[in-house]
Amino acid sequence: MALAADEAPSSQVEPLAEEREAEGDGTPSLPVRSSADYHSDQDDDDLALPTTQEEGEQLLTEKQQRRSRASSTASSVAGAFDFGQRLIHLAHSSDEARYSNGARMKQTDEPIGIVAGVALIVGMQIGSGIFSSPGVVAKETGSVGSALLLWTGAGFLSWAGASSFAELGSALPMNGGAQAYLSAAFGPLPAYCFSFTAVTALKPGSQAIISIICGEYLCRLFYHTAFSPDPKEAARGVPTFAIKLTAIVSLVLISGMQMWSSKAGTRAQLVLTVFKVLAIVLVFVGGLVFLGLGKQASVFGFAGSAQRPEGYALALFSALWTFDGWDQCNYVSKDCKPGTLPIIINSSLATVMVLFVCANISYFLVLPFNIATASSTIGLDFGRAIAGPLGGVIFALIVSVSCIGALNGSLYTSSRLIVAAGEQGFLPKLFANYNLRQSTPINGILLSSALSFVFILFGDFAHLTLFYGVCAWTWNLLVVLGLLALRVREPSLKRPYRTWLSTPILFASTALFLIVLSCFSKPWESLAAFVFCVAGAVPYYFQTRNQNNDHENAVLEMT
């Protein structure tokens with residue numbers, strides 16, 4: 001295990017009391033002993049005194065070799081369960097950079113309870129996806145029954161993953177989520193690669209998707225196509241460059257607000273969350289009104305269901321992206337009250353699954369199936385069907401504001417993730433700095449926004465969703481395989497919560513099937529995702545090489 005240049009070797013111990021007294025008396029001090037010395041004392045007693053200089057040198061060499069072996073053994077045993085090495089703390093970065101810049105942040109020791117944890121996960125999951133993905137899912141599945149069945153399956157698959165993560169979070173109660181679990185199961189390299197993917201692909205890709213959804217809703221208003229009864233005609237009336245430009249402008253505005261003040265971003269998040277909840281409530285109310293009036297725009301059945309497996313893969317990735325966020329409490333599992341993490345995860349997943357299935361039922365009650373499948377702004381078309389043009393405008397504004405809120409929250413966390421990466425040397429140190437005047441991580445915000453800008457420029461909703469899905473579920477697969485590996489390697493590890501063995505096996509099998517299917521249906525997007533997943537190995541190699549060089553220099557200086 002590599003040591004930093006300013007650290008002492010792990011075997012170094014405090015001098016003995018009599019050694020310190022000898023120093024105080026002015027008598028020659030005894031040499032400082034290490035833990036390796038005590039391990040080798042028994043062996044030293046068995047050695048005969050040397051009679052010649054050659055025997056003495058040989059004896060000294062043998063003793064040094066035994067001490068080295070004892071020291072390395074002690075270090076390896078101590079480091080076997082040291083899961084914190086080379087980890088980026090995804091939820092909280094350290095305060096070192098903040099204090100060095102004079103920007104003090106308030107700390108709290110209050111643990112996360114059940115209600116707060118459920119609110120965190122539900123708030124992260126209910127975002128822009130439920131106002132855009134249902135159209136893609138309906139188009140790829142071909143019928144209302146297949147679409148609702150797929151949404152239910154996506155919910156259960158997300159629950160299987162969340163339940164597996166809950167076991168890991170209870171057995172390894174440390175912040176960091178998937179990164180900490182990968183390090184515990186497979187070592188630092190996969191953990192580092194996951195962190196690299198999160199910084200360069202997962203967070204920026206998600207922000208790009210949200211920005212594009214926001215751009216589509218706003219452009220439907222700007223180009224006066226919100227009142228068109230045909231979504232296909234409305235989509236043709238909006239140029240693609242206009243959607244991308246609006247998405248970039250939205251990203252720039254949110255980035256500017258976060259660079260100006262972190263308080264402005266957090267306060268705005270509270271207001272924007274209200275709009276998000278209001279939109280989902282209005283969907284429920286609208287569906288209930290139509291149901292009460294005896295109206296039903298779509299036929300609830302399986303007639304016309306799609307036959308192409310790759311279509312179902314794309315639909316499932318779109319639905320799973322909507323459910324994304326079920327692992328958020330694992331990033332702060334150490335801050336949760338003991339024993340509450342499994343309850344939080346299971347309760348929140350059940351709540352969100354019911355909400356999403358009910359929202360889709362409401363969409364199909366109000367919208368004809370052909371309209372739903374043609375729409376990438378299903379919330380706007382839903383509002384227009386409920387209350388005419390005014391309803392379309394209201395829903396477009398509400399969903400746009402909801403997207404801005406989701407983008408604001410995602411950019412806030414991704415910039416702090418970049419700060420943590422910079423603090424631990426995974427990125428250049430300049431990304432760990434907070435601005436002296438604004439007390440905000442401007443460099444981190446700029447990097448995250450720049451990466452999102454690239455994804456917006458070269459991608460669209462469908463391709464980015466698939467790319468994001470392959471990246472995210474490749475790592476989810478590895479994490480759950482890590483759970484199975486730890487069950488075999490560490491059967492005595494304390495697990496306050498233990499999910500059924502079939503749960504991680506089912507999750508891993510389904511995830512592998514989805515990833516393989518995506519490789520055949522969309523090979524280029526899948527290849528790009530895999531490149532991002534393994535690209536972290538390159539900076540990891542250079543970092544570990546530099547750490548080894550620093551360690552060697554430190555040893556030479558000590559000797």
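Residues numbered from 1 in each chain as written. Predicted model: local features only at pLDDT ≥ 70, side-chain atom pairs only at ≥ 80, totals over all residues. Heavy atoms only, no water.

> How should I be thinking about the overall build of the chain in this particular structure?
Counting its regular elements, the chain contains 22 helices and 0 strands. Expressed as a percentage of the 559 residues in the chain, the buried residues total 51%. Considering only residue pairs separated by 6 or more positions, the chain has 81% of its internal contacts joining residues 24 or more positions apart. For the chain, the accessible area works out to roughly 25,900 Å², and carbon and sulfur atoms hold 64% of it. (Helix = DSSP H or I, 4+ residues; strand = E, 2+ residues; numbered from the N terminus. Buried < 20%, exposed > 50% of the residue type's maximum accessible area, 1.4 Å probe, protein only. Contact = heavy atoms within 4.5 Å. Areas by Shrake-Rupley, 256 points an atom, 1.4 Å probe, with all protein chains shown as cover.)

> What should I look at first to understand helix α17 (residues 378-423) in this one?
Residues spaced three or four apart along an α-helix face the same direction, because each turn holds 3.6 residues. Between its first and last C-alpha atoms α17 spans 42 Å; for 46 residues at 1.5 Å apiece the expected length is 68 Å, and the helix comes up short by more than 12%. If you look at α17, its biggest bend is around 150 degrees, right at Ala 387, and the proline Pro 389 turns up within four residues after that. (Expected span 1.5 Å × (residues − 1). Bend = angle between axes of the 7 residues up to and from the residue.)

> Just to check I follow, could you spell out the packing of helix α12 (residues 240-260) against helix α18 (residues 442-458) for this structure?
When two helices pack together, their arrangement is given by the angle between the helix axes and the distance between those axes. With their axes 10 Å apart at the nearest point, α12 and α18 run at an angle of 175 degrees to one another. In terms of their interaxial angle, α12 and α18 are classed as roughly antiparallel. Packed against α12, whose contacting residues are Lys 244, Ala 247, Ile 248, Leu 251, Ser 255, Gln 258 and Met 259, the element α18 presents Ile 442, Ile 445, Leu 446, Ser 449, Ser 452, Phe 453, Ile 456 and Leu 457 at the interface. Along the lines of polarity and charge, the residues of the contact of α12 with α18 split into 10 nonpolar, 4 polar and 1 charged. (Axes fitted to C-alpha atoms, helices over the stretch in contact; angles between N-to-C directions. Parallel < 35°, antiparallel > 145°, perpendicular 65-115°, else oblique. Nonpolar A, V, L, I, M, F, W, Y, C, P; charged D, E, K, R; others polar.)

> When you look at the packing of aromatic side chains in this model, what are you seeing that I'm missing?
Think of a pair of aromatic rings as described by two things: how far the centres are apart, and how the planes are tilted against each other in angle. Applying the stated rule across the entire model yields 15 aromatic pairs. For the ring pair Trp 151 and Phe 323, a centre distance of 6.2 Å and an interplane angle of 50 degrees mean the geometry is tilted. A residue pair is termed long-range when its members are at least 10 positions apart, and Trp 151 in helix α8 (residues 144-171) and Phe 323 in helix α14 (residues 309-323) qualify at 172 residues. This pair shows no difference in class: Trp 151 is buried, exactly as Phe 323 is. Put simply, the rings of Trp 151, Phe 323 and Phe 356 pair up and form one aromatic cluster. (Phe/Tyr/Trp six-rings, centres within 6.5 Å; stacked < 30°, edge-to-face > 60°.)

> Is there a simple way to explain the side chain of Ser 250 in this structure?
Its location among the elements puts Ser 250 in helix α12. Discounting residues that sit within four places of it in the chain, Ser 250 has contacts with Cys 214, Leu 218 and Leu 407.

> What should I look at first to understand the nonpolar core in this one?
Nonpolar side chains tend toward joint burial in soluble globular proteins. In this structure, Phe 131 and Trp 473 are the most contacted members of the largest nonpolar core, which totals 125 residues. Here Phe 131 is in contact with Tyr 217, Lys 276, Ala 279, Ile 280, Val 283, Tyr 363, Ser 376, Thr 377, Ile 378, Gly 379, Val 399 and Ser 402, once residues within four sequence places are set aside. (Core = buried A, V, L, I, M, F, W, Y, C linked by side-chain atoms within 4.5 Å.)

> I keep staring at the side chain of Arg 487 and nothing clicks. Help me out?
Checked against the element boundaries, Arg 487 lands in helix α19 (residues 461-489). A distance of 2.6 Å separates polar atoms of two side chains, one belonging to Arg 487 and the other to Glu 167. Excluding residues that lie within four positions of it along the chain, Arg 487 makes contacts with Glu 167, Arg 495, Arg 498, Thr 499 and Leu 501. (Polar contact = N/O pair within 3.5 Å; in protein donor to acceptor, adjacent residues only side chain to side chain.)

> I tried to follow the environment of Pro 309 on my own but got confused; where do I start?
Within the secondary structure, Pro 309 is located in helix α14. A relative accessible area of 45% places Pro 309 in the partly exposed class.

> What am I meant to see in the confidence of the model for the chain here?
Interpretation of the predicted coordinates at a detailed level should be avoided for regions scoring low in pLDDT. Here the chain shows a mean pLDDT of 75. Residues at 70 or above account for 70%. Every residue in residues 67-109 is under pLDDT 50, and counting partners more than four places away or in other chains gives 75 contacts. (pLDDT = per-residue confidence, 0-100.)

> Explain helix α20 (residues 502-521) here, please?
Helix length check: α20, at 20 residues, gives a terminal C-alpha distance of 28 Å against a target of 28 Å (1.5 Å per residue), a fit within 8%. Check the buried side of α20 and you find it contacts α8, α14, α19 and α21 (523-534).

> What is the right way to read the packing of α8 against α20 from this model?
Look at α8 against α20: their axes get within 9 Å of each other, and the N-to-C directions meet at 125 degrees. One finds that α8 runs oblique with respect to α20. When the axes of α8 and α20 are compared, the crossing they make is left-handed. Listed contacts from α20 to Leu 157, Trp 159, Ala 160, Gly 161, Ser 163 and Ser 164 of α8 are Thr 503, Pro 504, Phe 507, Thr 510 and Leu 514. (Left-handed = near helix turned anticlockwise from the far one by under 90°.)

> Which parts of the structure should I look at to understand a nonpolar patch on the surface?
Where nonpolar side chains cluster on the molecular surface, the patch consists of Val 277, Val 281, Val 285, Val 289 and Leu 293 and spans about 410 Å² of accessible area. By the secondary structure assignment, Val 285 is in helix α13 (residues 262-292). (Patch = residues over 30% accessible without salt bridge, like charges linked within 9 Å, V, L, I, M, F, W, Y side chains within 5 Å. Salt bridge = Lys/Arg side-chain N within 4 Å of Asp/Glu carboxyl O.)

> Looking at this structure, I do not really get the pattern of salt bridges. What am I missing?
A pair can form between side chains of opposite charge whenever their charged atoms are brought close. Under the definition given, this model contains 5 salt bridges. Here Glu 167 makes a salt bridge to Arg 495, at a shortest N to O gap of 3.4 Å. Placement of Glu 167 in helix α8 and of Arg 495 in the loop between α19 and α20 is noted, with a sequence separation of 328 residues between them. Note on accessibility: Glu 167 and Arg 495 belong to one class, buried.

> Looking at this structure, I do not really get the environment of Thr 141. What am I missing?
Within the secondary structure layout, Thr 141 lies in helix α7 (residues 133-141). Distance in space between the C-alpha atoms of Thr 141 and Gln 307 is 8.2 Å, their sequence separation being 166 residues. Beyond its immediate sequence surroundings of up to four residues, Thr 141 is in contact with Ser 146, Ala 147, Leu 150, Gly 304, Ser 305, Ala 306, Tyr 312 and Ala 315.

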